[in-house]
Each structure stands twice: as C-alpha cells, then as structure tokens.
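Structural overview
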Amino acid sequence: LYSFDRPELWVNLLVALLLDIVVVAVTKAFTRRRRPAYNVDDMFMTGSVDKFSFPSGHATRAILLAVFLCSLYPLNFIFFLPIVGWSLTVCVSRVLLGRHHILDVTGGIVIGLLEAFVVKQIWLSEDSARYIITALGGEDPWSGA
C-alpha cells in the first residue's frame, strides 16, 4: 500500500484530508452545535475529540474518500460498490449510534462533496507531487535503503 509509485495519489490524498480536518474544525468552532441529548458514552475505549456535533467529521471524510477513490483518482470498478456502501454506512452509523443529528450528517455529506470539488480544482500533477515529496525529504523511511 505504501509506495512512491503513485505520488500523485498520496500527495493529493494528503491535501484532501488536511483540507477536511481544517474545514471541519473551523466549522465546528463557529457553529458550536451540541451533540444529541441521547448521545451516551457507552462504547468501551472511546474518546471524544470535541463536544460539538455539526458537521459530522466522519461523514465529511467518508464522502470525500469515496469521491476521491471513485472519481478523482479512480480505482478499479470492482471497488466502486464497496467504497460507496462503506461511506454511506459510516454516515448512517453516526445517527444510529446517537453521535450526530441527521442534519449534522447531511451537512457532512454536502461539505465532503464540496471538499472533493475543491480538491479536483487544485489537483496536483505527478510532477508537482514528486516535487513536494522531494521537498519534504523524499526518502522512504521504511525501505531500509
């Protein structure tokens, strides 16, 4: 899975995920919507990063990754249904587990789609990705070479 054979994939994925983290954090800081009242801390070994609910970061990342892997940097078609199914399951699970309101997840889906659009607009070419990797060190820390 870890390979410099596809620098365009890895650098653009990193940009997409960093964009998502920033957008979700800023949006949560401004909206400050509380989690549902029925949100119970009933899961073993879990921690909450924040107490705010809108938007669902799980939903934004799941949708962003699904669009990224199915459209922006398409994988084999055989993976399309499992990836889309996984992302929708993540979104539904946030409501079923009582961690988010339905509109939190809906907002997360919309934000994830908008982030995918932004990533498409700023897509880095393979040459740009190689330059960034080289600028950041360029060495494969796991190869032992």
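I will try to describe carefully the structure that is included in this document.

Scoring rules and cut-offs
Residues numbered from 1 in each chain as written. Predicted model: local features only at pLDDT ≥ 70, side-chain atom pairs only at ≥ 80, totals over all residues. Heavy atoms only, no water. Salt bridge = Lys/Arg side-chain N within 4 Å of Asp/Glu carboxyl O. Helix = DSSP H or I, 4+ residues; strand = E, 2+ residues; numbered from the N terminus. Buried < 20%, exposed > 50% of the residue type's maximum accessible area, 1.4 Å probe, protein only. Contact = heavy atoms within 4.5 Å. Phe/Tyr/Trp six-rings, centres within 6.5 Å; stacked < 30°, edge-to-face > 60°.

**Considerations on the pattern of salt bridges**
Note that side chains of opposite charge can pair when their charged atoms are close. Counted according to the given criterion, the structure contains three salt bridges. Linking arginine 33 and aspartate 104 is a salt bridge whose minimum nitrogen-to-oxygen distance equals 3.0 Å. Taken together, the residues span a long stretch of sequence, with arginine 33 in the loop between helix H1 (7-31) and helix H2 (57-72) and aspartate 104 in helix H4 (residues 102-121) at a distance of 71 residues. The exposure class of aspartate 104 is buried, given its relative accessible area of 0%. We note a salt bridge from arginine 130 to glutamate 126, for which the minimum N-O separation is 2.9 Å. Of this pair, arginine 130 and glutamate 126 both sit in helix H5 (residues 126-135), four residues apart, which is roughly one turn of the helix. Note on arginine 130: relative accessible area 39%, which makes it partly exposed. Residue classification places glutamate 126 among the partly exposed residues on the basis of a relative accessible area of 35%.

**Points about the side chain of arginine 94**
As for its position among the elements, arginine 94 is in helix H3 (residues 80-96). The contacts of arginine 94, once residues within four sequence positions are left out, are Ser56, His58, Arg99, His100 and Val105.

**Notes on the packing of aromatic side chains**
Throughout the structure, instances matching the rule amount to three aromatic pairs. Their ring planes at 35 degrees and their centres at 5.6 Å tell us that phenylalanine 68 and tryptophan 123 sit as a pair that is tilted. Here phenylalanine 68, found in helix H2, pairs with tryptophan 123, found in the loop between H4 and H5; they are 55 residues apart in sequence, far enough to count as distant. Given the relative accessible area of 0%, phenylalanine 68 is considered buried. Take tryptophan 123: its relative accessible area is 23%, and that puts it in the partly exposed class. Taking 6.4 Å as the distance between ring centres and 25 degrees as the angle between the ring planes, the aromatic pair formed by tyrosine 73 and tryptophan 123 counts as stacked.

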